[in-house]
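# Overview (structure and organization)
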Amino acid sequence: MSDARPVVVVGSGPAGVSVAWPLVEAGLPVLMLDAGAEAGPSRVAADRSSLASLRTDFGTGRSWRHLIGPTLSGLRNVGYASPKLRTSAAPGFGEDYAVALGLDASGFRAVGAFSPGGLSAVWGAVVCAFQGEELDPRIDAGALDESYRRVAARIGINGSDDDPLADYLGRGLPLQPPLPVSSAAAALLAKKGPGGDGLTVGRLRTAILTRDLGDRNACDLGRACMWGCGVGAIYNSADELPALWGRDNFTLRWRAEVVAVESDGSGPVLRLRDGEKVAARAVILAAGVLSTTRLVLAARGGGQSVPLLNNPAVSFALLSPSRLGRPLAAVGHGAAQLGFRQIVAGKGELFGMLYDADTMSAVDIMSHMPFSRPGAAAVARRLLPAVMLGLGYLPGAYSRNRVTLAADGGLKIEGETSADCAATMAAAGKALRRSMARLGAHMLPGSFRPYPPGAEVHYAGTLARPEDSTADGAIVGLPGVVVADASVIGRLPAKTHTFTAMANADRIGRLWAARLSGV
Amino acid sequence: MVAGPRLVITGAAGYIGAALAAAARRDGWRVVALGRSPDPTVPSHPWRLGEDPPAEALAGADAVIHLAHQWAAPGAQGEDPNIPGTERLLEATRRHGVRRVVFASSISAREDALNAYGRLKWRVEQTLRAPVELSARIGLVYGGADAGLWGLLCKLVRLTPILPMVGGGRPIQPIRMDELCDGLLRLARMPAPTRAVYGLASPTTISFSAFLRTVARLRFHRPLMVISLPLGPVLAAVDLVSRVVPAINRERVLGLAGLPVIDNAADIAELGLEIRSVVDGLAPFARRKAILREGRALLRYVLGVSPPMGMLRHYVTGIESYGGGRPLDLPAPLLTVPGLLRLAEPVGGKGEGRHTLVERLEMAMILAESQPVGARRLYDYGGTPRWKSVLGLVGIGAIEALLLPVRMVLGRRYR
């Protein structure tokens, strides 16, 4: 008996696309629903000049179109959330999200978006494999390893196994040649610390192409990554949709916001915002942790409360005085230059990345200076060549956020960190300050600033307990409903987790492809 | 395809068309212009009313909004080109199975309208026959670019403090440009319309003279006196004026004097449209002037030179779109001598969502950075001798240290 109902994947973000591929390849009819609107090509103009030219060349004209966007969306106040939401997110990105989810967050900054590609439209593209203890023990490590390789080959990752961080980031992935690092980063890499201080600095793996792949092009070294990529070098799951669409058994619907998951006795039925109902053979939720969690909690009913993992995050600035006065680099990439891992004796670790300060908007850096604006501008001009900005993450085990379904159907999030989180963060800062100083990079006083919970995203683990889901993503108590995004990943190390969320979605997709096609 | 619905607009380069194309794109439509395009980013197919539209323009179109209107040559005889032109367009949309056609008609459309325009629009409406073909009877459009009849009215109101006019007491039903675009797009999307003709106009009326007085007060910040005149002598006078200002002619006067009132409250309700009063609709203009003044001062302060005009416009748009839309109540000395802000700029206190001076300075800074004139002050791609750079840092640090206590005192009120 063949079943005409499609397998419905909810969400076009990295997890949705990753779970869809194995299902489509297995020949199953797949219907992807996304709440966002496809508003033309997602990419930045391909003929955009380099960042240096946009900033200094009067001849290019209309620099502002690229730097703050044709609709000036770069002027909106994104508060304490990542400045990237301001510089590269499409107009309206994330704005309808909180309303649609009925979000009520206290002590937590919730970020999410109804747009093609989900949050991958603005991600940092840093790719790490979880290993050993870092991995949720429920996930089959062998199957996940295969998925890591499948996803890496699909999306294109640059990096090198010949690197101090290679053991930590995971070896054995198909890699494109590494991106060239900036002179500031190269100088830091060349300095050999005394060792024994728990710090490892090395190259990162990023989902940025250094060789053309499909219709995406290799990085053009224009250094304007923070303002979006003009050539499609930085992976955005929306860029995979045309290839999926090319398959006869794949269909995609925009503006199809799923508001409820129901059942008609023979299988799950999705209710859309406009009242339409879509019957499915199986529903695979990959709508992003907050959306997915709300749908599942609402479908199960009752005032339930689940944990929400996220990485406590911190930003800081490092000054290398020997670089003062150097000209800013006009050529290179503008994503994270280096990775670092700082082990804090007896307290776990801080993982993070370093950016050249001039690849970000100086205005965001200046907003931390207690000077007048003209004074801050003059200081920024002189400091930028010598400053690297860092982002660091503690393991998700230090978060204590809770998510509850409110009586009105909205999602209530209470942000909290563990009792020892602040002390661990401070200890990590202290250790990092000391070990970076030995490399000639001095942390600027007052610059080590933890983010409020949630602001740096990295959400996971809401539905990862055995009472909520099985190891293959099936939701307990909701037959035919599977979750494929990070909601079912129950452990977050200090590493960024998007790549693992994608690999896990691929793993779940392969499992269900086999099951649903009766193999 | 992986894409939003496709909307074809005729007359997209016009007063309403350009605004509609922009609004449609914000709303997620893929916009295609049939005829001239409002800007190079909107793809277009060459076409003139009366020609067969190229097949590739209509293939796959989800909706067509027909705004194009051909003004008859003065003294032209015979059938008006708009009627066969629209018929030809409709034949093509029917052939391609376009699921919605919206024709931009006028509130003055009547078989027995006073002016030729109203009679013509009525006749064009009669060419729409299929249930998917709708007419939108549009009221007096205001706001948007200074073009069309609105541009003309603005010119008049700015020209003179005393405006003699006919039919000043006549009730009119205005609609703001953004409300009109919203309405047209709702018509284009609407799954099951219950009528063939929808009135896109304010369901409540305002007298024409009150409308103009409000425009004068809120947009141009000046009083306006409207004197009612009898129609006959005015038409004679207008015939004279039209030789100097061709936009003012007999037909337009008749159009204004003869506007009927339509009862469209149910139409508006069915569309779920919200239409503001003229006072609310024009309020942004009054605030704009104050924001402009504020922007000139803040941008000058962060740039060190007078801002380019485009940047100033961006400031106004930025405040209106993302900054609360109201000017801060900054004292005149700060607005006149922006350099004084260096003493009065608050220390810290970035109030999220509260529209404070700090937040505005940040916006000004982002705007400065968005163009080379400001970015060159921030980014040194040429390099500087190291000693000079260090010395500079020390010097600025010293000055800022001296300024800090002053700012803490003077800046407190702007936090």
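Here the structure is a predicted model, which means the values were calculated and not measured.

## Remarks on the nonpolar core
Residues and elements named next belong to chain A.
- Membership of the largest hydrophobic core comes to 103 residues, with the highest contact counts inside it found for L23, L270, L285 and L290.
- A per-element tally of this core places helix α14 (residues 498–516) first, with 9 residues.
- Among the domains, domain 1 (1–41 + 110–155 + 235–307 + 460–519) and domain 2 (45–87 + 179–229 + 313–393 + 418–452) are the pair contributing at least three residues each to this core.
- Dropping the residues within four chain positions of it, L270 is found in contact with V8, V10, L33, V258, A260, V261, E276, K277, V278 and V283.
- Core analysis: the next-biggest nonpolar cluster, separate from the first, contains 77 residues, L67, W227, A380 and A386 among them.

## Focus on the interface of chain B and chain A
- The interface is formed by 49 residues belonging to chain B together with 60 residues belonging to chain A.
- When chain B packs against chain A, close to 4900 Å² is buried across both sides, 64% of that on carbon and sulfur atoms.
- Across the pair E345(B) and R373(A) runs a salt bridge whose closest N-O atoms are separated by 3.0 Å.
- Mapped onto the side of chain B that touches chain A, the elements with two or more residues apiece are α11 (278–303), α12 (309–322), α15 (357–369), α16 (372–378) and α17 (386–410) of chain B.
- Looking at which element gives the most residues to the side of chain B that touches chain A, the answer is α17(B), with 9 residues.
- Residue classes in the side of chain B that touches chain A are distributed as 22 nonpolar, 13 polar and 14 charged.

## Side note on the environment of T210(A)
Residues and elements named next belong to chain A.
- Residue position: T210 is located in the loop between β4 (199–203) and α9 (241–245).
- Using a relative accessible area of 15% as the deciding quantity, one classes T210 as buried.
- Polar contacts involving the side chain of T210 include one to the main-chain carbonyl oxygen of P177, which spans 2.7 Å.

## Describing the sheet that holds strand β2 (residues 30–34) of chain B
All names here are of chain B.
- Judged by pairing direction, the sheet is parallel, and its 7 strands sit side by side in the order β3-β2-β1-β4-β5-β6-β11 without closing on themselves. The open sheet has two free edges, formed respectively by β3 (44–45) and β11 (197–200), since each of these has just one partner strand.
- Where strand β4 (residues 63–66) meets strand β5 (residues 101–106), 3 bridges bridge the pair, whose relative direction is parallel. In the sheet register, V64 faces β5, and the bridge partner there is V101.

## Re the packing of aromatic side chains
- What the rule picks out here adds up to 10 aromatic pairs over all chains.
- Their ring planes at 50 degrees and their centres at 5.6 Å tell us that Y168(A) and F351(A) sit as a pair that is tilted. Placement of the pair is Y168(A) in helix α7 (residues 166–169) and F351(A) in strand β13 (residues 349–356), with a sequence separation of 183 residues. The burial state of Y168(A) is the same as that of F351(A); both residues are buried.
- Every member of this aromatic cluster is reached through a ring pair, and the members are Y142(B), W150(B), F208(B) and F211(B).
- Geometry around Y168(A) places K495(A) over its ring, the cationic atom sitting 4.4 Å from the centre.
- Sitting over the ring of W512(A), R515(A) keeps its end group 4.7 Å from the ring centre.

## Looking at the domain arrangement of chain B
Residues and elements named next belong to chain B.
- Looking at the assigned domains, one finds that chain B contains domain 1 (6–276) and domain 2 (282–414).
- The distance between the C-alpha centroids of domain 1 and domain 2 comes to 42 Å.
- Across the contact, 9 residues belong to domain 1 and 6 residues belong to domain 2.
- Between domain 1 and domain 2 lies a buried interface of about 660 Å² when both sides are counted; carbon and sulfur atoms form 76% of it.
- Among the residues of domain 1 in contact with domain 2, L218, R219 and H221 are the three that bury the most area, contributing 60% of the side total.
- Scanning the region where domain 1 abuts domain 2 turns up 0 salt bridges.
- Counting the contacts that link domain 1 with domain 2 gives 0 residue pairs in polar contact (both at pLDDT 80 or more).

## Considerations on the pattern of salt bridges
- Following the criterion strictly, the structure yields 38 salt bridges over all chains and no others.
- Between D197(A) and R438(A) there is a salt bridge whose closest N-O contact spans 3.3 Å. Remark: R438(A) occurs in helix α13 (residues 421–438) and D197(A) occurs in the loop between α8 (183–190) and β4; sequence separation between them is 241 residues.
- Classification of R438(A) as partly exposed rests on a relative accessible area of 44%.
- Two residues, E270(B) and R195(B), come together in a salt bridge whose shortest N-O distance is 3.3 Å. On the criterion of sequence distance, the pair formed by E270(B) in helix α10 (residues 265–271) and R195(B) in the loop between α6 (177–189) and β11 is long-range, its members being 75 residues apart.
- In this structure E270(B) comes out as partly exposed when scored by relative accessible area, which is 26%.
- Looking at R195(B), the relative accessible area reads 32%, which means it is partly exposed.
- A cluster of three or more residues bridged by salt bridges with shared partners is formed by E25(A), E146(A), R150(A), D506(A) and R510(A).

## Quick notes on the sheet that holds strand β15 (residues 401–405) of chain A
- Here 5 strands make up an open sheet; going across it, the order is β3-β16-β15-β10-β19 (chain A) and the pairing mixed. At either end of the open sheet lies a strand with only one pairing partner, and these are β3 (104–106) and β19 (459–460) of chain A.

## Examining the confidence of the model for chain A
- Mean pLDDT over chain A stands at 90; residues scoring 70 or higher make up 94%.
- For chain A, helix α4 (residues 84–87) of chain A is the element with the lowest average pLDDT, namely 69, and strand β20 (residues 481–483) of chain A is the one with the highest, namely 98.

## Let's talk about the environment of P70(A)
- Tracing the backbone through its elements, the reader meets P70(A) in the loop between α3 (63–67) and α4.
- With near-sequence residues (within four places) excluded, P70(A) lies in contact with W64(A) and R65(A).

## Structural notes on the side chain of D485(A)
All names here are of chain A.
- Of note, D485 is situated in the loop between β20 and α14.
- Among the polar contacts made by the side chain of D485, one reaches the side chain of T292 at a distance of 2.6 Å.
- A distance of 2.6 Å separates a polar atom in the side chain of D485 from a polar atom in the side chain of S487.
- Once you skip the residues sitting within four places of it in the chain, D485 turns out to touch A15, L285, A286, A287, G288, V289 and T292.

## Describing unusual backbone geometry
All names here are of chain A.
- Unlike most non-glycine residues, L221 shows phi in positive territory, near 55 degrees.
- Assignment of secondary structure puts L221 in the loop between β4 and α9.
- Overall, L221 belongs to the partly exposed group, its relative accessible area being 26%.
- Even without a glycine there, the phi angle at H458 is positive, about 55 degrees.
- Mapped onto the elements of the fold, H458 is located in the loop between β18 (449–450) and β19.

Definitions and cut-offs
Residues numbered from 1 in each chain as written. Chains lettered and ligands numbered in written order. Predicted model: local features only at pLDDT ≥ 70, side-chain atom pairs only at ≥ 80, totals over all residues. Heavy atoms only, no water. Core = buried A, V, L, I, M, F, W, Y, C linked by side-chain atoms within 4.5 Å. Buried < 20%, exposed > 50% of the residue type's maximum accessible area, 1.4 Å probe, protein only. Helix = DSSP H or I, 4+ residues; strand = E, 2+ residues; numbered from the N terminus. Domains from an automatic or database assignment. Contact = heavy atoms within 4.5 Å. Buried area = accessible area lost by both parts, 1.4 Å probe. Salt bridge = Lys/Arg side-chain N within 4 Å of Asp/Glu carboxyl O. Nonpolar A, V, L, I, M, F, W, Y, C, P; charged D, E, K, R; others polar. Polar contact = N/O pair within 3.5 Å; in protein donor to acceptor, adjacent residues only side chain to side chain. Pairing = 2+ DSSP bridges. Phe/Tyr/Trp six-rings, centres within 6.5 Å; stacked < 30°, edge-to-face > 60°. Lys NZ or Arg CZ within 6 Å of the ring centre and 35° of its normal. pLDDT = per-residue confidence, 0-100.

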